[in-house]
Amino acid sequence: QVQLVESGGGLVQPGGSLRLSCAASGNIFIVNAMNWYRQAPGKQRELVASIRSGGSTNYDDSVKGRFTISRDTAKNTVYLQMNSLRPEDTAVYYCNAVNELHTYTAWGQGTQVTVSS
């Protein structure tokens, strides 16, 4: 079992920045990739950014150049630095962990990000 705890959400004005954190605990040795998803009201959950065990990263086109996913392996923590935030970035952001074959997945509880003036 892997436990994930997110933090760092909140209310920010358009153009502002936030940094989300996701602390992992438990059997983290099985984790092959860590992901950030988001879900806006009335919309499906969508993948925002991923970081794999080798360090490679991927981003949804809507956040490329604005969001950065990173990790601190010593702290078992993954971050999502969000810059130049837009109202359409408003959503609940979820941290996700998967193993190599995607036969195991874990989710955090989610953290609300609201971009509004």
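This text follows the structure it describes.
Figured I'd write up the structure that's included with this text. Remember, predicted model here, so these are calculated numbers, not experimental data. Counting of residues starts from 1 at the beginning of each chain's written sequence and follows it residue by residue. Selection of residues for local features in this predicted model requires a pLDDT of at least 70, selection of side-chain atom pairs for listing and counting requires 80 or more, and totals for whole chains, interfaces and linings are taken over all residues. With hydrogens and water excluded, all non-hydrogen atoms of the structure serve as input to the side-chain values.

Attention shifts here to the overall build of the protein chain. Every helix listed is a DSSP run of H or I at least four residues long, and every strand listed is a run of E at least two residues long, numbered separately from the N terminus. Summing up its helical and strand segments, the protein chain has 0 helices and 11 strands in all. The order of α-helices and β-strands along the protein chain, N terminus first, is β-β-β-β-β-β-β-β-β-β-β. Taken over C-alpha atoms, the radius of gyration comes to 14 Å for the protein chain, in line with the 13 Å a tight globule of 117 residues would show. Per-residue accessibility, obtained with a 1.4 Å probe over protein chains only, is compared with the maximum for each type, and a residue is labelled buried under 20%, exposed over 50%, and partly exposed between these values. Buried positions account for 40% of the 117 residues belonging to the protein chain. Pairs at least 24 residues apart make up 53% of the contacts formed inside the protein chain by residues separated by at least 6 positions. To be clear on the numbers: accessible area is Shrake-Rupley with a 1.4 Å probe, and residue cover counts the displayed protein chains and nothing else. About 6300 Å² of surface is accessible on the protein chain, with carbon and sulfur atoms providing 47% of the total. The quantity called the radius of gyration is restricted to C-alpha atoms. Its globule counterpart is 2.2 Å times the number of residues to the power 0.38. Between two residues, a contact is recorded if the distance between any of their heavy atoms is within 4.5 Å.

With that settled, consider the nonpolar core. The term nonpolar core refers to a set of buried residues drawn from Ala, Val, Leu, Ile, Met, Phe, Trp, Tyr and Cys, joined through side-chain atoms within 4.5 Å. Within the largest apolar cluster, 28 residues are counted, with the highest numbers of intra-cluster contacts made by Leu4, Met34, Trp36, Phe67, Leu80, Met82 and Tyr93. Elements that contribute at least two residues to this core include exactly β1 (2–7), β3 (18–26), β4 (33–39), β5 (46–52), β7 (67–72), β8 (77–82), β9 (91–98) and β11 (111–115). Aside from chain neighbours lying at most four places away, what touches leucine 80 is Leu18, Arg19, Leu20, Trp36, Val48, Ala49, Phe67, Thr68, Ile69 and Tyr93.

In this section: the pattern of salt bridges. Here, a salt bridge means any Lys or Arg side-chain nitrogen found within 4 Å of an Asp or Glu carboxyl oxygen. As enumerated under the stated definition, the model contains 4 salt bridges in all. For arginine 38, the salt bridge goes to aspartate 89, with nearest N and O atoms at 2.9 Å. Taken together, the positions of arginine 38 in strand β4 and aspartate 89 in the loop between β8 and β9 put the pair 51 residues apart, joining distant regions of the chain. The exposure class of arginine 38 is buried, given its relative accessible area of 6%.

Across a sheet, strands are paired by hydrogen bonds formed along the backbone, either parallel or antiparallel in direction. Here the rule is simple: two strands pair whenever DSSP picks up at least two bridges between them. With antiparallel pairing, 4 strands are arranged side by side in an open sheet as β1-β3-β8-β7. The open sheet is flanked by β1 and β7, the only strands paired with a single partner. Neighbour to neighbour, the strand axes of the sheet diverge by 20° on average, direction disregarded. When β7 meets β8, the two strands line up antiparallel, connected through 6 bridges. Bridge assignment links isoleucine 69 to a residue of β8, and that residue is leucine 80. Helix axes are fitted to C-alpha atoms over the stretch in contact, other axes to C-alpha atoms as well, and angles between N-to-C directions run from 0 to 180 degrees.

In a disulfide, the sulfur atoms of two cysteines are covalently bonded to one another. In what follows, a disulfide is any cysteine sulfur pair within 2.5 Å. Counted by the stated rule, this structure contains 1 disulfide. Paired by a disulfide, cysteine 22 and cysteine 95 hold their sulfur atoms 2.0 Å apart. One disulfide, between cysteine 22 and cysteine 95, carries an S-S torsion of -80° and so falls in the left-handed class. A residue pair is termed long-range when its members are at least 10 positions apart, and cysteine 22 in strand β3 and cysteine 95 in strand β9 qualify at 73 residues. Looking at cysteine 22, the relative accessible area reads 0%, which means it is buried.

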